[in-house]
Amino acid sequence: MYNTVFTLRCKEDMSAKLFSAEGLIASRWPPFIYRCDQQELAGEVDALFKKGGVLLAEAPTGTGKTFAYLTSVLQAEQPSIISTSSHALQQQLVQRDIPQLAKILGRSCKVVELLGITNYYCPKQGGAASGEGGARQLRRRAEALHHYWLQQGEPVIPWRTLASDAGIESAQLYAHVTVSQGDCTAEKCPWYERCPYFRQRHQLTTADIAVVNHALFYSTMAPLSQSIRGRFTQVVFDEAHRLEQLAIDRSTTIFDRADLERVLAPLQRWVQGEEDGAELGQLIRRCRKLLQLLELRLQRLQPESSGDWPELCLREPRLMAVWQPWRRSFRLLLAYMRLWGLRSGRFLQAEKTLLRYQHSLSPLQPGALLWYQRRQGRLSIHSVYLQQADAITNLPQTSLFISSSLSVDGDFSAFSDTLRLEKYDFYCSQLAPGEDLRARYYLPASLPAPGMQGHIEALMTDVLPLLRHNQGRALLLFSSLDNRKIAEGWLRQYADDFNLCVASRGAISQAVAQFSRRANSLLLATGLWDGLDIPGANLSLVIIDKIPFSSPDDFRVQARSKMLNMQGRDPFVEWQLPQAILRLRQGVGRLIRADNDGGVVVIGDSRLHYQGYRQQIMAALPQYPMTSDRQVALSFIESRPSFNVATVS
Ligand code: SF4
């Protein structure tokens, strides 16, 4: 079904030995199915590991990407880092994939899984919480957890696992038993030698394979000391498409009232118990007052709800008159903190934040824009960088970025631009030329345009017969929470026909589990464009509300668009459209997760009938036959025998 359309190198030696139909894996592992493109991908990764460099590799779901790169990782002479997009995928690698393949290959290796610091029990925080402050109930639970941890020999496990092993309710305990990176005092902490997080981190000094997630790679692995990081000469970014959003999010630092309060509150507490703290107290009051004044003036001026902050200040001298002394007050606060030696423990984070303000709230930063947002009278200011922090560019000598959706029709520039990857090779295994007959696109012809009144209701009315014919088993993907809520409200009238599983924040895994278990289920989600893997007939209809362009109200979109404009580039063509195509591909990709899967993908966006970019979008998606006739889609559902067998019970 698939073949390779772009291949830079084709090394068959190692990959043939392992991945051919008569190869080592087939001989030792009966479930193995030979796939030509898996063998080819493994050959590309092998060549990369031998030669070094950066490879961007794209291969469709079902290729067997994990084994294709793990063979090189397991056979490498130097230690490797594998970074993936979530904790669940880290666990899958550590508990299933790596041990399974290591056994097949007869290799033994030390694998260390590292999570973010807030996943581990912090004995300093937990010990203190058990002694003082907080609600009595919480104190008791924190105390019980602390004793249990000591009693069990101070294990290195995630604190939630510890709490569950101890039979302690974990709700609301988080803040009392964990600590953020910024608040951890590391070597200065009396618990440092016994600290679960640092003991686990220390394991990296002897690991053959470190398994981390992307957020952790940015925040912890990249800035790690050379003695640890220098050991790892290869890195694999699995599910690499997730790095883009992370890079964009990380390129934004935020200032708002709550953020400032986190700085001022510990200083205020210190001032209250200090006879000589009057001047600092005055400065804190001034800082708050200036922010109030700034918000008040902004309210009177009523400018756009968001925009370029320095530009607005230049236009409105009354804002500038407050903005400048307000920024100066941060410098003064820092000077006072240093004068009084307020530089450790609870003041550490305040100092870091003030330094960040000094740096990021300067309007003269090259490559950055200051963007303001006004919501319910509150001001927030965002420093938006076009290019993200250097961390991702400071890569080991061999770096593999792998995913099922990194390119737009073989063009990787949107991805490489966001991550500032300048020199790289690429490998792209895509659908074979010609149509894939396992699925159909249904593009309803007469829906209102997205964003128009009644769009979602009309889409739901249109797809109702498909939902019925398919006995549910549908994933409904929405590009906004509002759209999901409208659909949910509309579908409630058919609550007797369908079991609605709403993947709301914090309840995603329950919704997915419920969807997979019960007949006639519909899974409604905004956040499952990728990462959802339901193979088989339980999911055979995917309904997408619209082309998932980033919201024009998002300040990051506005700021980055302006920046690209300033560079003479077209933000829509060069950034927004490729981003939307990649996301749409991920959404469409939820349908076919295994060779025998199939079904219908509905895209409820009338722009696909007339906009100039429609061809670019459809060319980048899996090539299924397309129809705007609902009857054709219904007939297709009926024609597939597996569709008529409900495998759910
Ligand atoms: S080193 Fe950091 S994480 Fe560990 S116990 Fe101390 S404060 Fe907590």
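Residues numbered from 1 in each chain as written. Predicted model: local features only at pLDDT ≥ 70, side-chain atom pairs only at ≥ 80, totals over all residues. Heavy atoms only, no water.

- Per an unreviewed UniProt entry, the protein goes by the name ATP-dependent DNA helicase DinG and belongs to Sinobacterium caligoides.
- Of the protein, the UniProt comment under Sequence similarities (unreviewed entry) reads exactly: "Belongs to the helicase family. DinG subfamily." (UniProt positions renumbered as here; feature names shortened; annotations may be inferred.)

1. Some details on the site of the ligand
- By nearness alone, every residue bordering the ligand is listed as Ile117, Cys122, Pro123, Lys124, Val179, Cys184, Ala186, Cys189, Trp191, Cys195 and Phe198.
- Considered class by class, the residues forming the shell around the ligand number 10 nonpolar, no polar and 1 charged. (Near = heavy atom within 4 Å. Nonpolar A, V, L, I, M, F, W, Y, C, P; charged D, E, K, R; others polar.)

2. A short note on the confidence of the model for the protein
- With 90% of its residues at a pLDDT of 70 or more, the protein has an overall mean of 85.
- Across residues 1–12 the pLDDT falls below 50, and counting only partners more than four positions away or on other chains, this stretch makes 43 contacts in the model. (pLDDT = per-residue confidence, 0-100. Contact = heavy atoms within 4.5 Å.)

3. A word on the pairing of strand β13 (residues 439–442)
- Side-chain alternation along β13 places Ala439 and Tyr441 on one buried face and Arg440 and Tyr442 on a second face that is also buried.
- Bridge count for β13 against strand β18 (residues 599–603) is 4 bridges, and the pairing is parallel. The partner of Ala439 across the bridge, within β18, is Gly599.
- Note that β13 and strand β19 (residues 626–627) share 2 bridges and pair parallel. The partner of Tyr442 across the bridge, within β19, is Thr627. (Buried < 20%, exposed > 50% of the residue type's maximum accessible area, 1.4 Å probe, protein only. Helix = DSSP H or I, 4+ residues; strand = E, 2+ residues; numbered from the N terminus. Pairing = 2+ DSSP bridges.)

4. Remarks on the pattern of salt bridges
- Under the defined criterion, the tally for this structure stands at 19 salt bridges.
- Its salt-bridge partner being Lys562, residue Glu311 comes within 2.5 Å of it at the nearest N-O pair. Of this pair, Glu311 sits in helix α16 (residues 309–315) while Lys562 sits in helix α23 (residues 555–566), and the two are 251 residues apart along the sequence.
- The class of Lys562 is partly exposed, set by a relative accessible area of 21%.
- Of the charged contacts in the structure, one is a salt bridge between Arg492 and Glu488, with a shortest N-O distance of 2.9 Å.
- Where salt bridges share partners, they join Asp308, Glu311 and Lys562 into one cluster. (Salt bridge = Lys/Arg side-chain N within 4 Å of Asp/Glu carboxyl O.)

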